[in-house]
Amino acid sequence: MKRIAISLAGFALGAVAAPVIALAEIAPGDVQFDDYGAVETSLTGSSGNADEGRKIMTEKSLGNCVSCHAAEAYADVPFHGEVGPWLDGAGSRWTEAELRGLVINPKKTFEGTVMPAFYKVDGFNRPGDAYTGKAAPADLPPILSAQQIEDVVAYLMTLKDE
């Protein structure tokens, strides 16, 4: 369910200003998938930045998508993996909602995929605390933030068939 934050502007000479409505970020546990794994609603209430999305996908310290996926659009980035499908034409093959769902949690669309869920915080085996074999003591954040998900989706939408 979306959360909506409403804030009222200050008073000006005794008159109340119109309320300002801002959409809050959708938390990982509140994401609504359709029957095929697509997510229609932006996690942030706005579109992402494609340039930032490319950075997230191609930097190993961020999304690290290049470890599994290759594309001509980022052929300048070394050491592409070959586990996942080529992403050339991804923006033509899938809708924005489908791509959002695939990045958030690809297992909703492809049950047997080895691709990680980038916006999920529960329902999986958690890494242990060092080598103790015990679960980490605190909740783990998602791999990518809501804004980073939207940025990656914006970049993937630029990868169209010519």
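Anyway, here's the lowdown on the structure attached to this text. On a predicted model such as this, the values are computed, not experimentally measured, just so you know. Residue positions are given per chain, counted from 1 along the sequence in the order it is written. Only residues with pLDDT of at least 70 get local features here, since the model is predicted, and only at 80 or more are side-chain atom pairs given and counted; chain-wide, interface and lining totals rely on the full set of residues. To obtain the side-chain values, all non-hydrogen atoms of the structure were included, while hydrogens and water were left out.

This part covers the packing of helix H1 (residues 50–58) against helix H4 (residues 146–158). The geometry of H1 relative to H4 is characterised by a closest axis approach of 7 Å and an angle of 100 degrees between their N-to-C directions. Classified by the angle between their axes, H1 and H4 sit roughly perpendicular to one another. Along its contact with H1, which presents Ala50, Glu52, Gly53, Arg54, Ile56 and Met57, the element H4 presents Gln148, Asp151, Val152, Ala154, Tyr155, Leu156 and Thr158. Considering only residue class, the contact of H1 with H4 consists of 7 nonpolar, 3 polar and 3 charged. Axes here mean lines fitted to C-alpha atoms, for a helix over just the part in contact, with angles spanning 0 to 180 degrees between N-to-C directions. Numbering of helices and strands runs from the N terminus; a helix is a DSSP stretch of H or I covering at least four residues, while a strand is a stretch of E covering at least two. The labels follow the angle: roughly parallel below 35 degrees, roughly antiparallel above 145, roughly perpendicular from 65 to 115, and oblique for the rest. In what follows, residue pairs with any heavy atoms lying within 4.5 Å of each other are defined as contacts. Amino acids outside the nonpolar list (Ala, Val, Leu, Ile, Met, Phe, Trp, Tyr, Cys, Pro) and the charged list (Asp, Glu, Lys, Arg) are all regarded as polar, and Gly is one of them.

Our focus in this paragraph is H1. Partly exposed residues are those whose accessible area sits between 20% and 50% of the maximum for their type, while under 20% is buried and over 50% is exposed, using a 1.4 Å probe and protein chains only. For H1, the set of buried residues is Gly53, Ile56, Met57 and Thr58. Packed against the buried residues of H1 are H4. For the purposes of these results, a polar contact is taken to be a pair of N or O atoms within 3.5 Å, where, inside protein, one atom must be able to donate a hydrogen and its partner to accept one; residues adjacent in sequence count only when each atom of the pair is a side-chain atom. Measuring from the side-chain oxygen of the N-cap residue of H1 to the backbone nitrogen of aspartate 51 gives 2.9 Å; that N-cap residue is asparagine 49.

Patches in this entry comprise residues that are over 30% relatively accessible and not in a salt bridge; like charges within 9 Å are linked, as are nonpolar side chains (Val, Leu, Ile, Met, Phe, Trp, Tyr) within 5 Å. We get accessible surface area from the Shrake-Rupley algorithm with a probe of 1.4 Å; when it comes to residues, only the shown protein chains can shield them. Put simply, a salt bridge is a Lys or Arg side-chain nitrogen that is within 4 Å of an Asp or Glu carboxyl oxygen. In this count, Lys and Arg are taken as positive residues and Asp and Glu as negative ones, while His and the chain termini are left out. Taken as the charge centre is NZ of Lys, CZ of Arg, CG of Asp or CD of Glu, depending on the residue. Where like charges cluster on the molecular surface, the negative patch consists of Asp34, Asp35, Glu40 and Glu98. Mapped onto the elements, glutamate 40 comes out in the loop between strand E4 (20–23) and H1. Among the residues examined, glutamate 40 registers a relative accessible area of 62% and is labelled exposed.

Our next topic: the nonpolar core. Definition used in this section: a nonpolar core is a set of buried Ala, Val, Leu, Ile, Met, Phe, Trp, Tyr and Cys residues joined via side-chain atoms within 4.5 Å. If you look at the biggest cluster of nonpolar residues, it comprises 27 residues, and the most contacted ones within it are Leu43, Met57, Tyr74, Leu87, Ile149 and Leu156. If you list the elements that add at least two residues to this core, you get H1, helix H3 (96–104) and H4. Of all the elements, H4 adds the most residues to this core, at 6 residues. In this structure, isoleucine 149 is in contact with Leu43, Arg100, Val103, Ile104, Phe118, Tyr119 and Leu144, ignoring residues within four places of it in sequence.

Moving on, we get to the side chain of glutamate 150. By secondary structure assignment, the location of glutamate 150 is in helix H4. A residue is classified by how much of its surface remains accessible, and glutamate 150, at 1% relative accessible area, is buried. Side chain to side chain, glutamate 150 and arginine 100 meet in a polar contact 2.8 Å long. Apart from the residues within four sequence positions on either side, glutamate 150 is in contact with Ser42, Leu43, Thr44, Ser46, Gly48 and Arg100.

It is worth spelling out the packing of H3 against H4 at this point. Where H3 meets H4, the axes come as close as 9 Å, and the angle between the chain directions of the two elements is 130 degrees. Taken together, the axis directions place H3 and H4 in an arrangement best described as oblique. Handedness of the H3/H4 crossing: right-handed. On H4, the residues touching Glu96, Leu99, Arg100, Val103 and Ile104 of H3 are Ile149, Glu150, Val152, Val153, Leu156 and Met157. Classifying every residue of the contact of H3 with H4 by side-chain character gives 8 nonpolar, no polar and 3 charged. The hand of a helix crossing depends on one turn: near helix anticlockwise from the far one by less than a right angle means left-handed, and clockwise means right-handed.

Only a minority of non-glycine residues have a phi that is not negative, and only a minority of peptide bonds are not trans. Here asparagine 64, not a glycine, exhibits a phi torsion of approximately 60 degrees, which is positive. Note on asparagine 64: relative accessible area 25%, which makes it partly exposed. Positive phi values are uncommon outside glycine, yet phenylalanine 79 reaches one of about 65 degrees. When you line up the elements, phenylalanine 79 lands in the loop between H1 and helix H2 (90–93).

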